Structures are given as C-alpha cells and as structure tokens.
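So you can see what is in the structure, the chains are spelled out below.
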Amino acid sequence: MDEIVFEKYGFKSYCRLPGPSMALYDAMRNHSKSLLSETYSVVVDVGYSATHVVPFVEEMPVNHAIKRVNVGGKLLTNYLKEVVSYRAFSMMDETYLMDHIKRKVCLTSTDFKADLKASKLSKKKNPFRLEYVLPNHSGGSLGFVRGKESKATEDEQVLTLSNERITVPELLFSPKILGLQQGGIAEAIAESIKACHPDLHGLLYNNIIVVGGSSSFPNFLERLRTDVRSLIPTRFKLNIRGGNESKIDPKLSAWMGGSEIVTSGAYEHYKITKKVYAEYGSEACKRKFYWYT
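About the thresholds
Residues numbered from 1 in each chain as written. Predicted model: local features only at pLDDT ≥ 70, side-chain atom pairs only at ≥ 80, totals over all residues. Heavy atoms only, no water. Helix = DSSP H or I, 4+ residues; strand = E, 2+ residues; numbered from the N terminus. Buried < 20%, exposed > 50% of the residue type's maximum accessible area, 1.4 Å probe, protein only. Contact = heavy atoms within 4.5 Å. Areas by Shrake-Rupley, 256 points an atom, 1.4 Å probe, with all protein chains shown as cover. Lys, Arg positive; Asp, Glu negative; His and termini not counted. Charge placed at Lys NZ, Arg CZ, Asp CG, Glu CD. Pairing = 2+ DSSP bridges. Axes fitted to C-alpha atoms, helices over the stretch in contact; angles between N-to-C directions. Core = buried A, V, L, I, M, F, W, Y, C linked by side-chain atoms within 4.5 Å. Phe/Tyr/Trp six-rings, centres within 6.5 Å; stacked < 30°, edge-to-face > 60°. Lys NZ or Arg CZ within 6 Å of the ring centre and 35° of its normal. Salt bridge = Lys/Arg side-chain N within 4 Å of Asp/Glu carboxyl O. Polar contact = N/O pair within 3.5 Å; in protein donor to acceptor, adjacent residues only side chain to side chain. pLDDT = per-residue confidence, 0-100.

Trainee: Looking at this structure, how should I read the overall build of the chain?
Mentor: From N to C terminus, the chain includes 14 helices and eleven strands. Overall, the chain is about 70 × 50 × 35 Å in size when its C-alpha atoms are taken along their principal axes. Relative to its full complement of 293 residues, the chain shows a buried share of 46%. Considering only contacts in the chain between residues 6 or more positions apart, those separated by 24 or more positions represent 65%. Here the chain has roughly 16,100 Å² of accessible surface; of this, 52% comes from carbon and sulfur atoms. Taking the average place of the 40 positive charges on the side chains of the chain and the average place of its 32 negative ones, the gap between the two points comes to 3 Å.

The following block contains the structure:
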C-alpha cells in the first residue's frame, strides 16, 4: 500500500489509520471533553463485513485486546435475502433493494424470546407484521411500507414481513443462530475489556462508543446496555453512547473523524512524508503506523 500511495500516485504525505481510530476522534469532537474520556475508551465498530471491538488507552489501540465478531451489515442483508427468497419472492439478485428494506423495517428486540412469540400471533395481534410494497421499476422508487388502513391495488407486489424484522438484527447479539461458534457483540466487549489491565476496566466500561451503519437499528443501544450489564460486575458504571442515539448517521463516524484529524492539525503528527519514505522505505511506515493500526 505504501508503494502505491507514494510511487504510483505520488502523494507528498499520508496517514494510515483504521476506522475505529478515526471514529474515536469524531466521538471526542461531539462529546464533553475530559481527560479520562479522551484517554480511555472502547470503540465498537459494527461494520459491513464484521464487527470489531477496539479498546484505546491514551488514544492508542490495545492490539492484543481487539475482538472481532464475524457478523456485519453484509451478512444481515444476505440472511434477509435468503429468508425472504425461501418464504416469498426470489430476492437473491436484489441486494441493494433488500439492504434498503433491512434499514427501513428491521429493529432490535429488547426481549427476543417474548417478541418471537408475539410474532406468531394472528394478523391483527402481531405487532411486527407489516406489508412492504415492492418497486415496479417504473417510478425510480425503492418501494414503501403500506399503512395498516391502506388497501392493495392489483398492480402491486406486496412483501409481508413479520419475525424477519427482529431475527435479522438478532444475529449481532446471537451469531449462534447461524451456526457461528462465537459470542455476540456484548460478549466481545466484555472479553476485550477483560483482556486489558484490571485497573483500567472501570474506565473502559464508562466510555464505550458505538459506530457503524448496523448500529442504527431502533433499540440497538438499549439492548446492548442490557446485555453488557448482565456480563460485568455491578461495581462498574456502564456508559454506552452513539449508535442509533447518535445525532449523525453512525456509518459516517470514521469519515467525520478523519476530517477532524485534518482540520485540527493532528494529521501533522500522524503523517509520514514522501521524503522519509524515499529514504527508509516501507519500514518507516511500519514503525510509524504500528501503534495506530
């Protein structure tokens, strides 16, 4: 990558930082700044391909404590495609549309067993049942959720959804539903912080920042707080922010953080120049970016 940046494209300087590191800067910018909140934190990046839990001490990632959950937005969309294709219409080639429907209608269950039971009730008593009118590809629309009082027309294709709305986001908390032999996001957070020095546990639990597009499901943070609280000692204060309660779209956090790094002047500290690269090669980049990546 260093060779491509400097030799192929001729950049004068560049900085290589992972998404969670940049998201941390965005969180610091949008939060009341205190020494502890800037120094000790955990970033939970619910990304496209996977979810990463990254603890930071003095703004440096603790590499040996980073945890990964192999569930992200891509898997959720693919799972919804398969379920809908099995139960209703063939949607295996409609990735973009199903991703839109996922974001539009899915929500996080705060009590999955009870909600799953409720989704089996009759049509009128089922709180999760809805009808999504699929696009007809003539008006450029991606379809819409039909109101309960609206009546169907002859030319509409209607996709009826029920427990799919809660089972798709549930994969983030229970990957074993799909046969993945690992815990969910809450377990990954607890394991990640446990891998850090015991004296830091209380500080890290008090500043957990959630970013990423799949954290924008309704009730996501409420469910995450409940699950994490059940896994940690009661003496620790738990503070989880961001996600669906963020003022901006959580999938933009890394981009906003990168912008903040440049405008604040921090880029000058993180960057490596073409002159240094020309003299020392990729080894200079490895030494410079080791702690940040």
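There's more to say after this.
Trainee: For this particular structure, what's the right way to read the sheet that holds strand β7 (residues 144-146)?
Mentor: Remark on secondary structure: sheet strands pair via backbone hydrogen bonds, oriented parallel or antiparallel. Taken in spatial order, the three strands of this open sheet run β7-β6-β8, and their pairing is antiparallel. The open sheet has two edge strands, β7 and β8 (158-161), and neither has a second partner. Strand-to-strand twist across the sheet, computed as the mean angle between neighbouring axes with direction ignored, equals 35°. Against the sheet, helix α5 (residues 95-105) makes contact with β6 (130-133), β7 and β8, and its axis sits at roughly 145° relative to β6, the strand it touches most.

Trainee: How do you make sense of the nonpolar core when you look at a structure like this?
Mentor: Grouped burial of nonpolar side chains is what soluble globular proteins tend to show. Counting residues in each nonpolar core, the largest one holds 50 residues, and the members touching the most others are V44, I101, L172, I189, I208, F220 and L224. The element that contributes the greatest number of residues to this core is helix α8 (residues 185-194), accounting for six residues. Beyond its immediate sequence surroundings of up to four residues, I208 is in contact with V42, V44, I189, I193, L238, N239, I240 and R241.

Trainee: It is not clear to me how the packing of aromatic side chains should be interpreted in this structure. Could you clarify?
Mentor: Think of a pair of aromatic rings as described by two things: how far the centres are apart, and how the planes are tilted against each other in angle. Counting across every chain of the model gives six aromatic pairs. Relative to Y270, the ring of Y25 lies with its centre 6.1 Å away and its plane at 85°, an arrangement referred to as edge-to-face. Taken together, the residues Y25 in helix α2 (residues 19-29) and Y270 in helix α12 (residues 267-270) connect sequence positions 245 residues apart. Across the pair, exposure class does not vary: Y25 and Y270 are buried alike. Three or more aromatic residues link up through ring pairs in this structure, and these residues are F6, Y14, Y277 and F289. Across the ring face of F173, the terminal group of R223 is positioned such that the distance to the ring centre comes to 4.6 Å.

Trainee: What exactly am I supposed to notice about the pattern of salt bridges here?
Mentor: A side chain of one charge can pair with a side chain of the opposite charge if their charged atoms are brought near each other. All chains considered together, the criterion is met by 13 salt bridges. In this structure, D99 engages K102 in a salt bridge whose closest nitrogen and oxygen atoms are separated by 3.2 Å. Within this pair, D99 and its partner K102 are both found in helix α5, separated by three residues, close to a single helical turn. In this structure K102 comes out as buried when scored by relative accessible area, which is 2%. Taking the shortest distance from any N to any O, the salt bridge between R129 and E131 comes out at 3.8 Å. On the basis of relative accessibility, which here comes to 26%, the residue R129 falls in the partly exposed class. Ionic contacts of the salt-bridge type, sharing partners, join the residues R129, E131, R146 and E156 into one network.

Trainee: Help me out: how do you make sense of the environment of R146 in this one?
Mentor: Relative to the elements of secondary structure, R146 occurs in strand β7. Along the backbone, R146 and V158 are twelve residues apart, and their C-alpha atoms lie at a distance of 9.0 Å. Only 2.3 Å separates the side chain of R146 from the side chain of E131, close enough to count as a polar contact. Within the structure, the side chain of R146 is placed 2.7 Å from the side chain of E156, a separation counted as a polar contact.

Trainee: Explain the confidence of the model for the chain to me, please; I cannot follow it from the model alone.
Mentor: Detailed reading of the predicted coordinates is not advisable wherever pLDDT is low. Counting all residues, the mean pLDDT for the chain is 90, and 94% of those residues have values of 70 or more. Every residue in residues 32-36 scores below 50 in pLDDT, and together they form four contacts with partners more than four places removed in sequence or on other chains.

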